[in-house]
Amino acid sequence: MSFAVSMLVFLGIASIIGTILKQNEPYENYIIKFGQFWFVFFEKIGLYDVYQSIWFLTILLFLVISTTLCVTKNTPIIFKDFLLFKDSLEEKSLLSFTHHLVLKNTKKVNLSRVINYLKLEKFKVREKSKDNGDILIVAKKGDFQRLGYIFTHVGVVVICLGGLLDGNLFFKAQELLGYKKIETLDIPASKVPKVSRLDITNPSFRANMTLAEGSSDNVAFVRKKDGYLVQDLPFKITLKDFRIEHYSTGMPKSFESDLIISDPELSQDITKTITVNHPFTYKGISIYQSDFQDGGTNLDIKLWNLLNSNAPQKINAKIFEKIKLDKDQLTYEFNDFRKFNILNLKEGVKEKPRNVGPSVTYKIRNNSGQAREYISYQFPMLIDDRSFFISGMRETPQEEFKYLKIPADKKGSIAEFISFKEALQNKILIEMVAKKMANRSVKPDNNSSVKQSFEDSVNKIMTLFVEGGFSNIAQNIDNNIPANEKEKAVQAYLKIIDIASIELYKSHFNLSDKEIDQSAIRFIQEALNAYSDMFLFGSPYYFELTNYEQKEASGLQLTKSPGQFWVYLGSLSLVLGIFSMIYLHERKLWLLIKAKGGAIIAVSSNRKNIDFELDYKKVSQAINKIIQ
């Protein structure tokens, strides 16, 4: 018994883990969450699919068998005791009770008053006259407490049976025998071999289906370990419409799907709307609204070449599709579109997150298969009272995005930065600015070599910056400047870049000194920082999302759970059993009235606590008062 209770506690702990740790996630998610070492350890002990792991099902089976044997053994005894009045006890036996009281009376006992009192106290009473003239009154109440034992144990058995039914033992057996195999290749459902498909007669499953608006399917995917199984359905589901409501902050408030169920056995389709926590059940399969995602949004993108001054290229892309541009050995994979993005733009500062508008997530993959992930936001974000176009890049999913911040111009566009970038990459313009700076900085009485030297220095520093940003400048200083002069060189180089950039900006946009204000100077500084960060961006293009036509998809979860009813029934039985054992009090009373005078009261209970002590005191005093 103690071992069974230990197993029950162990199951409880495992169930808590299975509830806290999201089950049947892609293995990549667990690797990211736990790291490689703990991922392997947790995978071996089956924590990623607790409820269908062999050890969990084995414990369930053990509890079913052991608890069933326990109930089978004790139930007849309980029912027998339930009907039995122990009226064969003798005086010696009653005196051996821990709670007994010997009464001395000299008058005849009024039995009817005693019996009436006991009945008022809800005792069932039986009277027996003995051969020696003694009279034994046997009373008992609270017998139903013993039924709590049966209810509790039967509840455990029924719950465990429900768990076994939903534990997909049928698939486990097929997998062990080699009749079924988990598919790990990313291939269309129609091409998944029969060995990785589950028949419509599969007794239990939990599968997922994603439908874009207007699309339909009759298969769902059961996620297993590092792959999946295809679950064939006896009907087809079509997503007629998907709706989502948002709070003012942009956070999802509610979402629902209009579904059409097409069954060959029906003459007419079934139309049903499901929402979160309001599923539709048909043929034993419950269809839940689980989540939503993009269903293939059409994107209008403007490609800005960061390394050259070519005109932007317009492309039409679609989520879940790939593009390979002309003369480009890179593949662009568009993975996700989000209409709303709720962000806190001031890291470490308490601020209400706000909606920053649409974003598109994509990957750029080279010919060797290596890929970087990018995210681009459509609208500029306000950071420290300045607007920036934000685009993030990360090498691996484990990393945080590193952001390229391109300053927006007064019109809220990227055009001014792109134009200034082209000015930076214009060698003729840089040479002109360098000459202008030399003429202005070198005194007329100095010889021409000094002026030429200054002009060459400006040219060199600006060329270094244009070809590699601030990191290229730092590397050049490290390689060519003595250590004790590096700090001065850094200050001089940065000053030259600032002045030359302002001159470039004025020349490029035909501005005078009076037209360059602090706002323009700050824009130039931010543009220089963005230009320098371009070399760390890892992509020759900046993707500007100019327009989109959103297409949403509904995430459905389909479950067939024959054990659910039994789990609920077992839980009810368990509650009734626990309630009976805690709140019902069993009491047994014997009152022996001796023919020679005097009486003995004995009271017993299977649970002797303070309530029993109070009841014993109350009943014995009352009976003593009646028979005196």
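Notes on the structure in this doc start here. Here the residue index of a chain counts from 1 through its sequence in written order. Restriction of local features to residues with pLDDT of at least 70 applies here, the model being predicted, together with a cutoff of 80 or more for giving and counting side-chain atom pairs; totals for whole chains, interfaces and linings are based on all residues. Side-chain metrics rest on all non-hydrogen atoms present in the structure, leaving aside hydrogens and water.

## Focus on helix H8 (residues 415-424)
Throughout, exposure labels follow a simple rule: accessible area from a 1.4 Å probe, protein chains only, divided by the maximum for the residue type, with under 20% read as buried, over 50% as exposed, and the rest as partly exposed. Working definition: helices are DSSP H or I runs of at least four residues, strands are E runs of at least two. Numbering for both runs from the N terminus. In terms of burial, H8 is largely enclosed, as eight of its ten residues are buried. Within the sequence span of H8, burial applies to Glu416, Phe417, Ile418, Ser419, Phe420, Lys421, Ala423 and Leu424. Where H8 is buried, its residues touch strand S12 (298-305), strand S22 (402-407), helix H9 (427-441), helix H10 (448-480), helix H11 (486-509) and helix H12 (518-534). Pairs of residues are marked as contacts when any of their non-hydrogen atoms sit within 4.5 Å.

## Details of the sheet that holds strand S25 (residues 587-593)
In this analysis, strands are considered paired if DSSP registers two or more bridges between them. Reading across from one edge, S1-S26-S25-S3-S2 is the order of the five strands in this open sheet, with antiparallel pairing throughout. Pairing within the sheet leaves two strands with one partner each, and these edge strands are strand S1 (99-103) and strand S2 (124-129). Going across the sheet, the axis of each strand differs from the next one's by a mean of 15°, ignoring polarity. Axis lines are fitted through C-alpha atoms, for helices just across the contact stretch, and the angle between N-to-C directions can take any value from 0 to 180 degrees. Seen against the sheet, helix H14 (residues 610-627) touches S1, S25 and strand S26 (599-604) and runs at an angle of roughly 15° to S1.

## Digging into the pattern of salt bridges
When a carboxyl oxygen of Asp or Glu is within 4 Å of a side-chain nitrogen of Lys or Arg, the pair counts as a salt bridge. With the rule as written, the count across this model stands at 27 salt bridges. Arg197 is paired through a salt bridge with Asp232; the nearest N and O atoms lie 2.9 Å apart. Within this pair, whereas Arg197 is found in strand S4 (residues 197-198), its partner Asp232 is found in strand S7 (residues 227-246), the two being separated by 35 residues in sequence. One salt bridge connects Lys436 with Glu503, and the closest N-O pair in it is separated by 3.2 Å. Linking Lys436 in helix H9 with Glu503 in helix H11, this pair joins segments that are 67 residues apart in sequence. In this structure Lys436 comes out as partly exposed when scored by relative accessible area, which is 41%. A residue is classified by how much of its surface remains accessible, and Glu503, at 4% relative accessible area, is buried. Beyond isolated ion pairs, a larger network of salt bridges with shared partners links Asp81, Arg146, Glu586 and Lys588.

## What to know about the packing of aromatic side chains
Here a pair means two rings of Phe, Tyr or Trp (six-membered ring of Trp) with centres within 6.5 Å. Their orientation is stacked below 30 degrees between planes, edge-to-face above 60, and tilted elsewhere. Counted according to the given criterion, the structure contains 38 aromatic pairs. Ring centres 6.5 Å apart and planes at 10° place the aromatic pair Phe280 and Tyr282 in the stacked group. The same class applies to Phe280 as to Tyr282, namely buried. Look at Phe337 and Tyr548: their rings are 4.7 Å apart centre to centre, the planes differ by 45°, and that puts the pair in the tilted class. Taken as a pair, Phe337 in strand S15 (residues 331-338) and Tyr548 in strand S23 (residues 541-549) lie far apart in primary sequence, 211 residues in all. Joined through ring pairs, the aromatic side chains of Tyr27, Tyr30, Phe34, Phe37, Trp38, Phe39, Phe41, Phe42 and Tyr48 make up one cluster. Note on criteria: charge over ring means Lys NZ or Arg CZ within 6 Å of the ring centre, with the direction from the centre no more than 35 degrees off the ring normal. For Lys140, the ring lying beneath its charged end belongs to Phe85, and the centroid distance is 4.6 Å.

## Focus: the packing of helix H5 (residues 111-120) against H14
Between H5 and H14, whose axes approach to 9 Å, the crossing angle comes to 155°. It follows from the interaxial angle that H5 and H14 lie roughly antiparallel. In this structure, the crossing between H5 and H14 has a hand that is right-handed. For the pair formed by H5 and H14, the contact residues are Arg113, Val114, Tyr117 and Leu118 on the first element and Lys618, Val619, Ala622, Ile623, Ile626 and Ile627 on the second. Charged means Asp, Glu, Lys or Arg here, nonpolar means Ala, Val, Leu, Ile, Met, Phe, Trp, Tyr, Cys or Pro, and polar covers whatever is left, Gly included. Among the residues forming the contact of H5 with H14, the class breakdown is eight nonpolar, no polar and two charged. Orientation categories follow fixed angle ranges, with anything under 35 degrees roughly parallel, anything over 145 roughly antiparallel, 65 to 115 roughly perpendicular, and all other angles oblique. Left-handed describes a crossing whose near helix is turned anticlockwise from the far helix by less than a right angle; the clockwise case is right-handed.

## Remarks on the sheet that holds S23
Judged by pairing direction, the sheet is antiparallel, and its three strands sit side by side in the order S13-S12-S23 without closing on themselves. Every interior strand has two partners, whereas the edge strands, strand S13 (313-318) and S23, have only one. Sheet twist, expressed as the mean angle between neighbouring strand axes with direction ignored, is 30°. Pairing of S12 with S23 involves eight bridges; the strand directions are antiparallel. Opposite Ile301, over in S23, you have Leu545 as the bridge partner.

## Considerations on the nonpolar core
In plain words, nonpolar cores are sets of buried Ala, Val, Leu, Ile, Met, Phe, Trp, Tyr and Cys residues tied together by side-chain atoms within 4.5 Å. One finds Leu299, Ile301, Phe334, Phe417 and Leu424 to be the most contacted residues of the largest nonpolar core, which totals 63 residues. In this structure Leu424 touches Ile430, Met462, Phe465, Val466, Ser501, Leu504, Leu528 and Tyr531, once residues within four positions along its chain are discounted. Judged by nonpolar contacts, the second largest core, of 26 residues, contains Ala207, Leu211, Phe235 and Leu558.

## Considering the pairing of strand S11 (residues 285-294)
Looking at chain direction, strand S10 (residues 280-282) and S11 are connected through three bridges and run antiparallel. When the bridges of S11 are listed, Phe280 appears paired with Ile287. The sheet contact formed by S11 and strand S24 (residues 552-560) spans nine bridges and is antiparallel. Bridged to Ile285 within S24 is Lys560.

## Description of the environment of Asn308
As for its position among the elements, Asn308 is in the loop between S12 and S13. When its relative accessible area of 40% is taken as the criterion, Asn308 is described as partly exposed. As a C-alpha pair, Asn308 and Gln491 span 183 residues in sequence and 29 Å in three-dimensional space. If we ignore the near neighbours within four places in the chain, the residues touching Asn308 are Lys421 and Gln425.

## Focus: the packing of helix H3 (residues 54-83) against helix H6 (residues 144-166)
Contact geometry of H3 with H6 gives a least axis separation of 9 Å together with a crossing angle of 155°. Classified by the angle between their axes, H3 and H6 sit roughly antiparallel to one another. Along this stretch, H3 crosses H6, giving a crossing that reads as left-handed. The residue makeup of the contact of H3 with H6, split by class, is 20 nonpolar, six polar and two charged.

## Quick look at a nonpolar patch on the surface
Where nonpolar side chains cluster on the molecular surface, the patch consists of Phe151, Leu165, Phe565, Trp566, Leu569, Leu572 and Leu576 and spans about 650 Å² of accessible area. Checked against the element boundaries, Leu576 lands in helix H13 (residues 563-583). With relative accessibility at 40%, the residue Leu576 sits in the partly exposed group. For patches, a residue must show more than 30% relative accessible area and have no salt bridge; joins then use 9 Å for like charges and 5 Å for nonpolar side chains, namely Val, Leu, Ile, Met, Phe, Trp and Tyr. Only the protein chains shown count as cover for residues, and the accessible areas themselves come from Shrake-Rupley with a 1.4 Å probe.

## Here's the deal with the side chain of Ser196
Note on placement: Ser196 falls in the loop between helix H7 (169-176) and S4. In terms of polar contacts, Ser196 uses its side chain to reach the backbone carbonyl oxygen of Lys181, at 2.7 Å. Once residues within four sequence positions are removed from consideration, Ser196 is found in contact with Lys181, Ile182, Glu183, Leu229 and Val230. Under the rule applied, a polar contact is a pair of N or O atoms within 3.5 Å (in protein, one hydrogen donor and one hydrogen acceptor; residues adjacent in sequence only if both atoms are side-chain atoms).

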